[in-house]
Amino acid sequence: SDVSSGTASALSLCARVYFGNTSVGVNNLTVPTDTALLNFTHWLVYTKSSLIEQTTPASNLIFDAVASVTGITFIDRDLDA
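Residues numbered from 1 in each chain as written. Predicted model: local features only at pLDDT ≥ 70, side-chain atom pairs only at ≥ 80, totals over all residues. Heavy atoms only, no water.

*Asks:* Would you mind showing me how to read the environment of Asn60 here?
*Replies:* Along the chain, Asn60 falls in strand S2 (residues 58-61). For Asn60 and Val45, which are 15 residues apart along the polypeptide, the C-alpha to C-alpha distance reads 8.2 Å. Discounting residues that sit within four places of it in the chain, Asn60 has contacts with Thr41, His42, Trp43 and Val45. (Helix = DSSP H or I, 4+ residues; strand = E, 2+ residues; numbered from the N terminus. Contact = heavy atoms within 4.5 Å.)

If you want it as structure tokens, here you go:
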């Protein structure tokens, strides 16, 4: 089973690390710039109440895009002249 499938059997192969929580009515959690990814590939989101923690989390793939460009040259003709 593939980890990206989000199935409980696939996710049980992964280590969990607590990152943070939010209050009722808050729908986001800010991840600070330059947070180390380590070897993690997915966010797991659990719902928790005063009674119990959800046994099967929702999973989201971490997509961290980086791009760098140097030495760009733009050659153009001035068609208005």
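*Asks:* Help me out: how do you make sense of the packing of aromatic side chains in this one?
*Replies:* Aromatic rings in a pair are described by how distant their centres are and how their planes are angled relative to each other. For the structure shown, the criterion picks out one aromatic pair. Residues Phe19 and Trp43 carry aromatic rings whose centres are separated by 4.9 Å and whose planes lie at 75 degrees to one another, so their mutual orientation is edge-to-face. Remark: Trp43 occurs in strand S1 (residues 42-45) and Phe19 occurs in the loop between helix H1 (8-11) and S1; sequence separation between them is 24 residues. Taking the relative accessible area as the measure of exposure, Trp43 reaches 32% and is therefore partly exposed. (Phe/Tyr/Trp six-rings, centres within 6.5 Å; stacked < 30°, edge-to-face > 60°. Buried < 20%, exposed > 50% of the residue type's maximum accessible area, 1.4 Å probe, protein only.)

*Asks:* Can you walk me through unusual backbone geometry in this structure?
*Replies:* Glycine aside, the phi torsion of most residues is negative, and most peptide linkages are trans. One non-glycine residue with positive phi stands out, namely Asp34, at about 65 degrees. Relative to the assigned elements, Asp34 resides in the loop between H1 and S1. According to the relative accessible area criterion, Asp34 is exposed, its value standing at 75%. At Leu38, a position not held by glycine, the phi torsion is positive, near 55 degrees. Structurally, the position occupied by Leu38 is in the loop between H1 and S1. Residue Leu38 is classed as exposed on the basis of its relative accessible area of 67%.

*Asks:* What exactly am I supposed to notice about the confidence of the model for the chain here?
*Replies:* When pLDDT drops low, the exact placement of atoms in the prediction is not to be read closely. This prediction gives the chain a mean pLDDT of 78; 81% of its residues lie at or above 70. Here H1 stands out as the least confident element of the chain, with mean pLDDT 51; S2 is the most confident, with 88. (pLDDT = per-residue confidence, 0-100.)

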